[in-house]
Amino acid sequence: MPFRLLIPLGLLCALLPLHHGAPGPDGSAPDPAHYSFSLTLIDALDTLLILGNVSEFQRVVEVLQDSVDFDIDVNASVFETNIRVVGGLLSAHLLSKKAGVEVEAGWPCSGPLLRMAEEAARKLLPAFQTPTGMPYGTVNLLHGVNPGETPVTCTAGIGTFIVEFATLSSLTGDPVFEDVARVALMRLWESRSDIGLVGNHIDVLTGKWVAQDAGIGAGVDSYFEYLVKGAILLQDKKLMAMFLEYNKAIRNYTRFDDWYLWVQMYKGTVSMPVFQSLEAYWPGLQSLIGDIDNAMRTFLNYYTVWKQFGGLPEFYNIPQGYTVEKREGYPLRPELIESAMYLYRATGDPTLLELGRDAVESIEKISKVECGFATIKDLRDHKLDNRMESFFLAETVKYLYLLFDPTNFIHNNGSTFDAVITPYGECILGAGGYIFNTEAHPIDPAALHCCQRLKEEQWEVEDLMREFYSLKRSRSKFQKKTVSSGPWEPPARPGTLFSPENHDQARERKPAKQKVPLLSCPSQPFTSKLALLGQVFLDSS
């Protein structure tokens, strides 16, 4: 088993200097958008536990409690802050007890990491205050949306919130998070073209598409991912139905010989015959809906590109069979390894372990430097860049380890579990079925049923009713009217699909006058961005 790359101690050199205020790897001042809320520490925290490094997990939790402050004058990507910070904190919160952290009374419905996640998410809410309900791409953590902020946001930056925000609403009892995430999902769904496709960038003020290229990759990818994962996490048939409709259109208009191209969203004509490394998540997503045959065929296409270069270039021209100019790099992205992990769990096909072996050997041989693993600047000559992305620790290492570790607690089949007593009754945790957010932070779906909160007076009424029934049973001679003694049920959660009717039932929150930030998409910097109206604009820098 090629674990040489995956030993937890190999990560510590890269992790230790990244506490609050630490200098960058070149000795420069830290980037406040990342370092001031300890992004890499949060992003890599659950990886430490999955790799078995409990003591380091505990230490980092203490560091975060002492250093994290979200009241800072920093423009932050709404998307990145959600998937890395909110998702990372929620996952670490739910795994804290397993990691031996002393949890407070009321966990998992309370705890310091949960409070941090809620605070971070509240900083993002002003971005959703738009006429369409689709969020701006950037928000200032102190002031809200900056005046003059661009209203153009990528599709994934709008539709990648339901996993984290629904989890947060379930744990805190505040429906506002899930509500805004559902509105954003629905507005994208309503904006699809007549042939069932969505574009790449949209104006969140007008709902008009700015970049009309449709595909499964950069700027769109995790929207589709979250329809599937949100459907599984919330047992929501409507979200799954939405994805399946998209899947039909994607197969009809973008799939060619088990590759997926970029097409014009209204006409279906090819605009870019390229494969992007970010698209390599798709076979794993197909496996989640049981489409194994198609998933394996597409995976094998992508694997041939890996074997050609020892990694996946950001852009690969399919007809030419080679990299695209200025997109030859490989920043150690996880997507192909992620798909291998999902497909191996589904099939046991040893070909998938071969990809894992190749990935370990390539990364170790090409990228390993004195204190971490460097981004590959150019796969043609294996030149390195002086940076290591936090998703390498959060995702790439994690998926590699899970591919080769069939007994990891993440793969639990329900044979073991923990029964936890909360203020709201007993709940079961750790039985498996974890849902990974798009940054590979695992969420225990059972936790969403542990904290069904109600208004304080309703709980008081329930306590009085229990006392009454107890008294009634002990004094049966005083029986009068018969009252159902079945289990007391809380009122229904907000509806599956957000509507004005159920919105009135949700807690209304109107942040102070919003101000607005800088479009930051989830993918690579998209200056070579997909075509505008079919025309490709390459980066001239």
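For clarity, every value in this text was computed on a predicted model and none was experimentally measured.

**Observations concerning the overall build of the chain**
In terms of helices and strands, the chain carries 18 helices and 21 strands. Taking all 541 residues of the chain together, 59% fall into the buried category. Of the accessible surface of the chain, which amounts to about 23000 Å², a share of 52% is contributed by carbon and sulfur atoms.

**Overview of the state of the cysteines**
Scanning the entire structure with this criterion turns up 2 disulfides. The disulfide bridge from Cys109 ends at Cys451, spanning 2.0 Å between sulfur atoms. Looking down the S-S bond of the Cys109 and Cys451 bridge, the torsion is -90°, so its handedness is left-handed. Of this pair, Cys109 sits in the loop between helix 5 (78-95) and helix 6 (112-124) while Cys451 is found in the loop between strand 21 (442-443) and helix 17 (456-474), placing the two residues 342 residues apart along the sequence. For the residue pair Cys109 and Cys451, the accessibility class agrees, reading buried in each case. There is a disulfide in this structure between Cys427 and Cys450, and the S-S distance comes to 2.2 Å. Residues Cys427 and Cys450 are joined by a disulfide whose S-S torsion is about 95°; by sign, that bridge is right-handed.

**Things to note about the sheet that holds strand 6 (residues 213-214)**
If you trace the 3 strands from one edge of the open sheet to the other, you get 6-9-10, paired in antiparallel fashion. Of all the strands in the sheet, the pair left with one neighbour each is strand 6 and strand 10 (270-272). The pairing of strand 9 (residues 262-264) with strand 10 spans 2 bridges and is classified as antiparallel. The residue bridging Trp262 from the neighbouring strand is Met272, located in strand 10.

**Overview of the pairing of strand 19 (residues 425-429)**
Summarising the sheet, strand 18 (residues 418-422) and strand 19 pair through 5 bridges and their orientation is antiparallel. Paired with Ile421 across the strands is Glu426, a residue of strand 19. Connecting strand 18 to the antiparallel partner strand 19 that follows it, the hairpin turn spans 2 residues.

**Notes on unusual backbone geometry**
Omega for the bond connecting Trp107 with Pro108 falls within 30 degrees of zero, at 10°, which places this linkage in the cis form. As for its position among the elements, Pro108 is in the loop between helix 5 and helix 6. Located in the positive-phi region is His382, a residue other than glycine, with phi close to 65°. Its location among the elements puts His382 in the loop between strand 16 (376-378) and strand 17 (383-384).

**Some details on the pattern of salt bridges**
Applying the stated criterion to the full structure yields 20 salt bridges. For Asp358, the salt bridge identified is with Arg357, shortest N-O distance 3.2 Å. By relative accessible area, which is 37% here, Arg357 ends up partly exposed. One continuous salt-bridge network, built from bridges that share partners, spans Glu80, Arg84 and Glu439.

**Topic: the sheet that holds strand 3 (residues 152-154)**
If you walk across this open sheet you meet the 3 strands as 3-4-5, and the pairing is antiparallel. Strands at the two margins of the open sheet, each flanked by one partner only, are strand 3 and strand 5 (209-211). Strand-to-strand, the axes of this sheet are offset by a mean angle of 35°, without reference to chain direction.

**Quick notes on the confidence of the model for the chain**
Averaged over the chain, the pLDDT score is 84; the fraction of residues at 70 or greater is 77%. Between residues 454-458, whose pLDDT stays under 50, and residues either more than four places distant or in other chains, the model counts 5 contacts. Segment residues 476-541 is flagged for pLDDT under 50; beyond a separation of four residues in sequence, or across chains, it makes 134 contacts in the model.

**Things to note about the packing of aromatic side chains**
Throughout the structure, instances matching the rule amount to 23 aromatic pairs. Summarising the aromatic geometry, the rings of Phe309 and Tyr316 are spaced 6.3 Å apart at their centres and angled 80° between planes, so their arrangement reads as edge-to-face. For Phe309, a relative accessible area of 8% corresponds to the buried category. Following the ring pairs from residue to residue traces out a cluster consisting of Trp189, Tyr223, Phe224, Phe243, Tyr246, Tyr260, Tyr281 and Trp282. A cation over an aromatic ring shows up here: Arg192 above the ring of Trp189, its NZ or CZ 3.6 Å from the ring centre. Lying across the ring of Tyr303, Lys307 places its NZ or CZ 4.6 Å from the centre.

**Thoughts on the UniProt feature "binding site: Ca(2+)" (unreviewed entry) in the chain**
Residues annotated in UniProt with the feature "binding site: Ca(2+)" (unreviewed entry) correspond here to Thr438. With respect to the secondary-structure elements, Thr438 resides in the loop between strand 20 (435-436) and strand 21. Assessed through its relative accessible area of 16%, Thr438 is described here as buried. The residues touching Thr438, leaving out its near neighbours within four places in the chain, are Phe79, Ile83, Thr160, Ser222, Glu225, Tyr226 and Glu395. Here the side chain of Thr438 touches Glu225 through a polar contact of 2.7 Å, side chain to side chain.

**Considerations on the packing of helix 13 (residues 292-309) against helix 15 (residues 350-367)**
Running from N to C, helix 13 and helix 15 point in directions that differ by 25°, and their axes come no closer than 11 Å. The orientation of helix 13 relative to helix 15 falls into the category roughly parallel. Of the two possible hands of crossing, helix 13 and helix 15 adopt the one that is left-handed. Residues Met296, Phe299, Leu300, Tyr303, Trp306 and Lys307 of helix 13 pack against Thr351, Leu352, Glu354, Leu355, Asp358, Ala359 and Ser362 of helix 15. Of the residues belonging to the contact of helix 13 with helix 15, the class tally is 8 nonpolar, 2 polar and 3 charged.

**Quick word on the environment of Arg387**
Of note, Arg387 is situated in the loop between strand 17 and helix 16 (390-404). Judged by its relative accessible area of 42%, Arg387 is partly exposed. If near-sequence neighbours (up to four positions away) are discounted, Arg387 is found in contact with Phe373, Ala374 and Thr375.

**With respect to the environment of Val228**
Residue position: Val228 is located in helix 10 (residues 221-234). In the structure, Val228 is positioned 60 residues away from Leu288 in sequence and 7.8 Å away in space, judged by C-alpha atoms.

**A short note on the environment of Glu439**
Examined against the element boundaries, Glu439 turns out to sit in the loop between strand 20 and strand 21. Sequence separation of Glu439 and Thr396 is 43 residues, and the distance between their C-alpha atoms is 9.7 Å. Beyond its immediate stretch of four places on either side in the chain, Glu439 contacts Asp43, Ile83, Arg84, Ser390, Phe391, Ala394 and Glu395.

What counts as what
Residues numbered from 1 in each chain as written. Predicted model: local features only at pLDDT ≥ 70, side-chain atom pairs only at ≥ 80, totals over all residues. Heavy atoms only, no water. Helix = DSSP H or I, 4+ residues; strand = E, 2+ residues; numbered from the N terminus. Buried < 20%, exposed > 50% of the residue type's maximum accessible area, 1.4 Å probe, protein only. Areas by Shrake-Rupley, 256 points an atom, 1.4 Å probe, with all protein chains shown as cover. Disulfide = S-S within 2.5 Å. Pairing = 2+ DSSP bridges. Salt bridge = Lys/Arg side-chain N within 4 Å of Asp/Glu carboxyl O. Axes fitted to C-alpha atoms, helices over the stretch in contact; angles between N-to-C directions. pLDDT = per-residue confidence, 0-100. Contact = heavy atoms within 4.5 Å. Phe/Tyr/Trp six-rings, centres within 6.5 Å; stacked < 30°, edge-to-face > 60°. Lys NZ or Arg CZ within 6 Å of the ring centre and 35° of its normal. UniProt positions renumbered as here; feature names shortened; annotations may be inferred. Polar contact = N/O pair within 3.5 Å; in protein donor to acceptor, adjacent residues only side chain to side chain. Parallel < 35°, antiparallel > 145°, perpendicular 65-115°, else oblique. Left-handed = near helix turned anticlockwise from the far one by under 90°. Nonpolar A, V, L, I, M, F, W, Y, C, P; charged D, E, K, R; others polar.

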